[in-house]
Amino acid sequence: MDNQKTKVLHRALAKTAVFTGTLTALFSCAAQDTTASKTEVASTVTVLTLTHLKKGFEQTLYYQSNDHTYKDTQANSTKTSEPESRTYNDTHGIDTLEVTRTYSDTHGNDTLEVKPSEKSHSYEDTQAINLQINEYEGISLTNRLGKTQFIEGSFALAHAEVITSENKQWVSLVVFNNNTQHIEVYRLSVDTLDKEQRLSQPTKGSEALCAATSASGTPHIVNVDATGTLNQYELHNDQFLPLRNFAIGPGIKSCSVDLKTQNIYLADEFAGVWKIDAHIESELEKTLIFHDADTPVEGVSTVSNNISHLNSSLVGWVSPDKSGVWLQNQCHAEFITLVQDTNGIAETIEPEFIHLAVSSRGIEPRISLIVDDDASGNVYAAELPSKLSDAYFNDGCLSKENETGTSNNGDFSKHSTANVFPSAETQPVQNFGDAADDPAIWVNAQTPSQSRIVGTDKKGALNTYDLLGKQHQSLAVGRVNNVDVGYKVAVNSMNSVGDKRFTDIAVASNRSHNSLSVFDIDKNGNLTHLGEIKTTLSDIYGMCLYVDDGIAHVFANDTSGRFERYKLLIGENKVVEGKLSQSFSLPSQPEGCVVDTQTNTAYLGEEAAGVWALDISSTDNTPTFIAAITPPVEADIEGLALFTVDEQKYLIASSQGNNSYAIYAINTENTGQLTYTGLIQITADVNNGIDGVSETDGLEATNANLGGIYSEGLWVVQDGRNVMPSETQNFKLVSGATLKEAIRRLVNNTNELIN
């Protein structure tokens, strides 16, 4: 050992205590628990001596033959694997360590595991598959029966495990093919090792590739390509299903995905360690959980809470500039110094790769790690001391947190939630960003199946779609924000007999002109722009309309909270004119509104506060606040619509903050009284390739019979994040029958809770 390296080690050991102390504030902010006082950082220096893994990197996969049972020697009982998807988690102890994965320099995130220690569990009918990967030769698998499989090529391994689902088992491999620049997924028989499936996905290269097994037993794959774009995929119907993609930037060296906590961790050599929500409908936000300007992070790994002993997920990361590892979970954070023993002399290492796993020594579970040394190319393993492992496994604050979570869940269980699938979606709008906003439904009285959806692209156009979601028109009339339709609006006529003519119209709030854009709708659902009605609003925003005795009345609002009510007149040659008839204000910004002409009630949404009601029978009336935003409903309330189920009328309001829709029953005797019924969420229909809905702005519903699957009506909502794959925003369609059934479930659940 040279003097320089000895000095580096001494400096590292001397500074570790100080360095660990400085991490306290950082980890307390970065920990998943928002209560800083619960984050504990060890005050003493922990040093682990590494064991050199001389056999190189291999991975041993285990599967169960016959009835897939195993004997748990800790509990002295025999357990049968559940029929749903599961994986066999290898356990190991340092005293019986054998290397279990061939390392690839291309992807430092490769999962490394070792053979299980039989001191912890003894498996009945356990079979082993040895997997080796060489970046320049290929992948080799051999099982206990002597069967072999060789896949020639240059690969980097992202994930390998035995999957069990519906009493079937197979080997699942996720690799990056360096020769073709494709992600490849292999499915092999555990007994014969025959290739049952090979799927390939072209990419723009790969800077970091990681995968985990989804609840359906298929790989969920994350790839950061050479353009700095993060791509998420999941296998479905033997195809790569693109979930979403977004720019993540340069510097990502490795990744790790934990589907139990729905987190993706990224090692960024320029910034540190990022955490991103893996839910594809989640907000695109990065949380920096570690940063040190002088510490480039290159390797990251997680131990998921699918390990029975672990109360929360554990994440660890390494830097070649620090001979150590950072570990963090919900309540603990720790920097641990790593040294290798070379002929009795302790030396530092330069780790670029880390893999965390659960090992056992006797009946006590331990956390183990495997790291590489960039300087020598060697690979090493170590096991955390029992006290430190226990702190991550069974810390008291985790139990308290779980108890708190249970209490919160109990409160939330009082509120019913129903999930529904969308039946169709419209083509994406042309403009990027927050563009689609508000839909309306025009019912074709002559041919209901030819009805139209009118939707705003608030960055420049008003669009129309058929019931299949195909776009028919795009009218570039300006930044139209909200839209509504009216039927049988009178057109003044100059003919001799004085017969009245009628037309259907659409009206949109136009922020380009602070005006109301008026459109004629012909019998085929085609829109023609008639003109603009100027308003005195300072920043026009939302609107809705109703028709009374052939006259259209429009409520328009602006971002200050001010409302203006206009009487809309259509003259000869369809020249439009608007007359201001009423003005009033709400305390803060409104947007959505809807009018019930049967009860002469307008419902007005104040985005951050709740719902107001207005008696429209007189222009002298003022609105009354009738429903505050309270959990589980979350601001903003933007879209409002009316829908009737079993002769009961409901108000549907977008609960934007939790990607849901609040359902309120309207009192038949007092239309200003609302009773909260529950929440509806629109979730992804993977089989039909339609994603779920998040962050809805506007919505509309009708009970009209539109034929086919919409014979009981239609519900249309704006989708703030259009994914699967990632595209510009659009509108989702839900059949009235589906909506009715969801509301009935909410009503039944509410009645059961009351009784």
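Residues numbered from 1 in each chain as written. Predicted model: local features only at pLDDT ≥ 70, side-chain atom pairs only at ≥ 80, totals over all residues. Heavy atoms only, no water.

### Concerning the sheet that holds strand E45 (residues 601–606)
And step 1. Reading across the sheet, the 4 strands line up as E44-E45-E46-E47 and stay open at both edges, with antiparallel pairing between neighbours. The open sheet has two free edges, formed respectively by strand E44 (590–596) and strand E47 (624–628), since each of these has just one partner strand. Averaged over all pairs of adjacent strands, the angle between strand axes in this sheet comes to 25°, irrespective of strand direction.
And step 2. Judged from the 5 bridges that link them, E44 and E45 form a sheet pairing that is antiparallel. Bridging across to E45, Cys-593 finds its partner in Leu-604. (Pairing = 2+ DSSP bridges. Helix = DSSP H or I, 4+ residues; strand = E, 2+ residues; numbered from the N terminus. Axes fitted to C-alpha atoms, helices over the stretch in contact; angles between N-to-C directions.)

### Here we look at the state of the cysteines
And step 1. Inspection of every chain in the model, using the stated rule, returns 2 disulfides.
And step 2. Disulfide pairing places Cys-210 opposite Cys-255 at an S-S distance of 2.2 Å. The disulfide joining Cys-210 to Cys-255 has a torsion of about -120° about its S-S bond and is therefore left-handed. You can see Cys-210 sitting in strand E14 (residues 208–213) and its partner Cys-255 sitting in strand E18 (residues 252–258), a full 45 residues away along the chain.
And step 3. Using a relative accessible area of 3% as the deciding quantity, one classes Cys-210 as buried.
And step 4. Here Cys-544 pairs with Cys-593 through a disulfide, and the sulfurs are 2.1 Å apart. The sign of the -120° torsion about the S-S bond sets the Cys-544-Cys-593 disulfide as left-handed. (Disulfide = S-S within 2.5 Å. Buried < 20%, exposed > 50% of the residue type's maximum accessible area, 1.4 Å probe, protein only.)

### Notes on a negative patch on the surface
And step 1. Negative charge collects at one region of the surface, where Asp-294, Asp-321, Glu-350 and Asp-374 lie side by side.
And step 2. Looking at the element boundaries, Asp-374 is found in the loop between strand E28 (364–372) and strand E29 (379–383). (Patch = residues over 30% accessible without salt bridge, like charges linked within 9 Å, V, L, I, M, F, W, Y side chains within 5 Å. Areas by Shrake-Rupley, 256 points an atom, 1.4 Å probe, with all protein chains shown as cover. Salt bridge = Lys/Arg side-chain N within 4 Å of Asp/Glu carboxyl O. Lys, Arg positive; Asp, Glu negative; His and termini not counted. Charge placed at Lys NZ, Arg CZ, Asp CG, Glu CD.)

### Let's talk about the environment of Arg-198
And step 1. You can see Arg-198 is positioned in strand E13 (residues 195–202).
And step 2. By relative accessible area, which is 46% here, Arg-198 ends up partly exposed.
And step 3. Along the backbone, Arg-198 and Asp-238 are 40 residues apart, and their C-alpha atoms lie at a distance of 9.0 Å.
And step 4. Not counting residues within four places of it along the chain, the set of residues in contact with Arg-198 comprises Glu-184, Val-185 and Tyr-186.
And step 5. Among the polar contacts listed, one links the side chain of Arg-198 to the side chain of Glu-184, at a separation of 2.8 Å.
And step 6. Within the local environment of Arg-198, its side chain forms a polar contact with the side chain of Tyr-186, the two groups lying 3.4 Å apart. (Contact = heavy atoms within 4.5 Å. Polar contact = N/O pair within 3.5 Å; in protein donor to acceptor, adjacent residues only side chain to side chain.)

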